[in-house]
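# Notes for the structure review
Residue strings, one per chain:
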Amino acid sequence: MNDFQKEILRGIPQELPPKQSYDASVSHAPKRKDILNQTEKKLAVRNALRYFKPEHHAVLAEEFARELHDYGRIYMYRFRPSYAMYARPIDEYPSKCKQAAAIMLMIQNNLDYAVAQHPHELITYGGNGAVFQNWAQYLLTMQYLAEMTDEQTLVMYSGHPMGLYPSHRNAPRVVVSNGMMIPNYSKADDWERFNALGTTQYGQMTAGSYMYIGPQGIVHGTTITVLNAVRKTGNDNSSGKLFVTSGLGGMSGAQPKAGNIAGCVSVTAEINPAASKKRHEQGWVDELYSDLEQLMNRVEKARQNKEVVSFAYQGNVVDLWEYLAEKNIAVDLGSDQTSLHNPWSGGYYPVGLSLEESQQMMADNPVLFRQKVQESLCRQVAAINKLTTKGMYFFDYGNAFLLEASRAKADIFSKDGSEFRYPSYVQDIMGPMCFDYGFGPFRWVCTSGKEEDLDYTDSLAIEVLQEMAKNSPSEISQQMKDNIQWIQGAKANKLVVGSQARILYADEEGRIRIATAFNKAVREGKLAAPVVIGRDHHDVSGTDSPFRETSNIYDGSSFTADMAIQNVIGDAFRGATWVSIHNGGGVGWGEVINGGFGMLLDGTAQTDEHLKMMLYWDVNNGIGRRSWARNEGALFAIKRAMAKNPCLKVTLPNLVDDNLLDKLI
């Protein structure tokens, strides 16, 4: 047994490890605002000390109180492991159960320095998307997983491992919940308060569910979005077209790579030098500029020469938009992926302040910081409005841009004030073109860590899709073509960051056939180790979010969350290896409920049965809900599904003549 395995099995050390110095070379979460009163601060420290023996309390109480004062949270830096954090091959994890080893691998991938946004604070992306609240939770969870048998289930309460409970081999090995608040306690300050107390966390989408695969996880969806946004302009040719946006974080960092794959020129603003440098070093953005005049001269040259190239503007997004509007520079596509689901804690930085000044203000003067953010949003919207009047197609990228701009009193509504000026990308693109037909972000991870295994899974997926495309109906022929093109170029586009992982937009049939092929390859020894499958929560069925995933639901049910809850319950008893349900996600705490799953394909016949049951439900649950909302594509998809499977019987809506209602009301 090596040192890494011994340290995993040790869990929380009985003797205090040496105190660790603060590593300034690593990207850190901003200081959170001072929201707890004196009594609550005592409670926060008391809560943190629960993980440790009383003889250590005197030392740790002082230390944790200092962390709470300095950072607004108790991270327990002293207990950060000394070993490197990355997804090791599955056989290197100490375990009694392969499923548990796979989950350990996925947790470490989420915290890999090449993947995570703020790894020392256990935050994967989005400014506050946490895997755990503190390092004691990480250590204890890994220990439990190493000890787990396939007759136990680990219960996770917002990062806290409640414990191993007896279950059975067909039950999920882990059940995760994050931020599940009583409804009246889901305001932004509620997250700040209860997270500071150590009682809940914001799991984002795939951070707290151990299914993040780096920015590749969003590249495919972003590529599809950009390709179809280009089609919205009336010309399918993206050559020489300019796409302007912002954000180079864990999710938004996919944008320049997607722009390249789509064949356009892109400019992405990023205020944090560490983030833009990281994406440039990883090859996700081609060129960096901090001078707008130099940047725009280079952009114009790229457009004239029909180059496919991505640029990062190291500066504030508002400065970029205002420069474009003032200089009357033609922009074809515009969007925004700053973390506006988290506007007051580092998700959006106001114009006129440096990164450091903003971080100081958000902690010391949150009221003024909020005012500055809202002033900036108004200026950003004003510049965008000028450019759209000259032909730019602008869309909300599901980051709560429209929502927060409206709360800032920006000029973001239509003339009659009934709706936003601009569509959500789900309303215009992903909803009617993908989600309604069951296409969404299916993903897999080769637990061997071998590149050749990923290559082989790519070839299997291509084979399946090409066979399916021969008989695909016209309604989904474009989706099939786009997906085949994507997977054929996946290796050449160098998308892997962290684990040997891939993402592919696929429908229910595609997911089942691809997963079945993978499981067979594991069984026959053509893959060196099992494969983990999962998806982003950003999908047809996993997420209820009225300003993003369900923004194209028009029957009044977009503010309900039955679909996400039913999705996770159904996945749990149909064979998922782990399931998760979260309050909060891409558009913010209290604005969305989303659920996810992970499944280990271990080559067994039992897994063949589980994947067919679970994936079938995981997709068709959402199609059924969307068809009941009278979405045309979903009606087509659910009728097609029922025709193929007589056991599926879904309640269908009767359509009403609008003229009848117009006469009455």
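Everything here concerns the structure above.
Criteria and thresholds
Residues numbered from 1 in each chain as written. Predicted model: local features only at pLDDT ≥ 70, side-chain atom pairs only at ≥ 80, totals over all residues. Heavy atoms only, no water. Helix = DSSP H or I, 4+ residues; strand = E, 2+ residues; numbered from the N terminus. Rg over C-alpha atoms; globule rule 2.2 N^0.38 Å. Buried < 20%, exposed > 50% of the residue type's maximum accessible area, 1.4 Å probe, protein only. Contact = heavy atoms within 4.5 Å. Areas by Shrake-Rupley, 256 points an atom, 1.4 Å probe, with all protein chains shown as cover. Phe/Tyr/Trp six-rings, centres within 6.5 Å; stacked < 30°, edge-to-face > 60°. Salt bridge = Lys/Arg side-chain N within 4 Å of Asp/Glu carboxyl O. Disulfide = S-S within 2.5 Å. Pairing = 2+ DSSP bridges. Axes fitted to C-alpha atoms, helices over the stretch in contact; angles between N-to-C directions. Parallel < 35°, antiparallel > 145°, perpendicular 65-115°, else oblique. Left-handed = near helix turned anticlockwise from the far one by under 90°. Arc of directions from axis to C-beta. Polar contact = N/O pair within 3.5 Å; in protein donor to acceptor, adjacent residues only side chain to side chain. Core = buried A, V, L, I, M, F, W, Y, C linked by side-chain atoms within 4.5 Å. Patch = residues over 30% accessible without salt bridge, like charges linked within 9 Å, V, L, I, M, F, W, Y side chains within 5 Å.

## Comments concerning the overall build of the chain
From N to C terminus, the chain includes 22 helices and 17 strands. For the chain, whose C-alpha radius of gyration is 24 Å, the value lies close to the compact-globule estimate of 26 Å for 665 residues. By principal-axis analysis of the C-alpha atoms, the chain measures approximately 70 × 60 × 55 Å. For the chain, buried positions account for 63% of its 665 residues. Residue pairs in contact within the chain that sit at least 24 positions apart in sequence constitute 71% of those at least 6 positions apart. Entry remark: accessible area of the chain is about 25,700 Å², with carbon and sulfur atoms responsible for 51%.

## Concerning the packing of aromatic side chains
Here the structure, examined in full by the defined rule, presents 28 aromatic pairs. On the numbers, 6.5 Å between centres and 65° between planes, the contact of Y51 with F52 is edge-to-face. For the pair Y51 and F52, a shared accessibility class is recorded, and that class is buried. Ring centres of W191 and Y202 lie 6.5 Å apart, and the angle between their planes is 75°; this geometry places the pair in the edge-to-face category. Highlighted residues: W191 in helix 6 (residues 188-196) and Y202 in the loop between helix 6 and helix 7 (216-232), separated in sequence by eleven residues. Summarising the burial analysis for this pair, W191 and Y202 share the class buried. Following the ring pairs from residue to residue traces out a cluster consisting of F243, Y393, F395, Y397 and Y425.

## Focus: the pattern of salt bridges
Under the definition given, this model contains 36 salt bridges. In this structure, the salt-bridge partner of R298 is E307, at a minimum N-O distance of 3.0 Å. Take R298: its relative accessible area is 17%, and that puts it in the buried class. Here E451 ties to K491 by a salt bridge, and the two come within 2.5 Å at their closest N and O atoms. Here E451 is found in helix 16 (residues 451-469), whereas its partner K491 is found in the loop between helix 17 (477-488) and strand 13 (501-506), with 40 residues between them in sequence. In the salt-bridge network here, residues are joined through shared partners; they are E509, R513, R640 and K644.

## Here we look at the state of the cysteines
For the coordinates displayed, the defined rule picks out zero disulfides. Not part of a disulfide, C434 finds its nearest cysteine sulfur in C264, a span of 18 Å. The thiol of C446 is unpaired, and the distance to the nearest cysteine sulfur, on C97, comes to 20 Å. We classify C446 as buried; its relative accessible area is 3%.

## Comments concerning the sheet that holds strand 10 (residues 333-334)
Ordered in space as 8-9-7-6-10-11, the six strands form an open sheet in which the pairing is parallel. Unpaired on one side and paired on the other, strand 8 (287-289) and strand 11 (393-394) mark the two borders of the sheet. The pairing of strand 6 (residues 242-246) with strand 10 spans two bridges and is classified as parallel. When the sheet's bridge partners are listed, F243 is paired in strand 10 with L333. Running at roughly 160° to strand 8, helix 9 (residues 273-281) makes contact with strand 7 (265-270), strand 8 and strand 9 (309-314) of the sheet.

## Regarding the packing of helix 19 (residues 562-573) against helix 20 (residues 605-628)
In a packed pair of helices, the relevant descriptors are the angle between the two axes and the axis-to-axis distance. With their axes 9 Å apart at the nearest point, helix 19 and helix 20 run at an angle of 160° to one another. The angle between helix 19 and helix 20 places the two elements in the roughly antiparallel class. Read as a crossing pair, helix 19 and helix 20 show a hand that is right-handed. Residues M563, Q566, N567, G570 and D571 of helix 19 lie in contact with helix 20, whose contacting residues are M614, W617, D618, N621, G622, R625 and R626.

## Looking at helix 12 (residues 355-364)
Side chains that are three or four residues apart share a direction in an α-helix, a result of its 3.6 residues per turn. Buried within helix 12 we find L355, S358, M361, M362 and A363. Looking at the buried residues of helix 12, the elements they touch are helix 9 and helix 13 (366-388).

## Description of helix 9
All of the buried residues along helix 9 are A275, S276 and R279. Across the axial projection of helix 9, the buried residues extend over an arc of 95°, all falling on one side. Against the buried residues of helix 9 lie strand 7, strand 8 and strand 9. With a side-chain oxygen lying 2.9 Å from the backbone nitrogen of A274, the N-terminal cap of helix 9 falls on N272. Looking one or two residues beyond helix 9, the residue adopting positive phi is G283, at roughly 85°.

## Regarding the nonpolar core
Formed by 144 residues in total, the largest nonpolar core has its most connected members in I107, Y138, V174, Y210, W444 and I533. Ignoring sequence-local partners within four residues, the contact set of I533 consists of M211, F442, R443, W444, A515, F597, G598, M599, L601 and L615. Core analysis: the next-biggest nonpolar cluster, separate from the first, contains 53 residues, L295, Y313, L320 and V373 among them.

## Some words on a nonpolar patch on the surface
On the surface, V656, L660, L661, L664 and I665 cluster together into a nonpolar patch covering about 560 Å² of accessible area. Topologically, L661 is positioned in helix 22 (residues 658-664). Classification of L661 by relative accessible area gives partly exposed; the value is 40%.

## Looking at the pairing of strand 6
When you tally the buried positions in strand 6, you get five out of five residues, the bulk of the element. Strand direction decides the pairing type here: strand 6 and strand 7, joined by five bridges, are parallel. Residue pairing for strand 7: S246 is matched across the bridge by A269.

## Points about the environment of A629
Along the chain, A629 turns up in the loop between helix 20 and helix 21 (632-644). Judged by its relative accessible area of 6%, A629 is buried. The spatial distance from the C-alpha of A629 to the C-alpha of S557 is 8.0 Å, given a sequence separation of 72 residues. Sequence-distant contacts of A629, defined by excluding residues within four places in its chain, comprise I553 and D555.

Any functional reading would require information beyond the geometric quantities listed.
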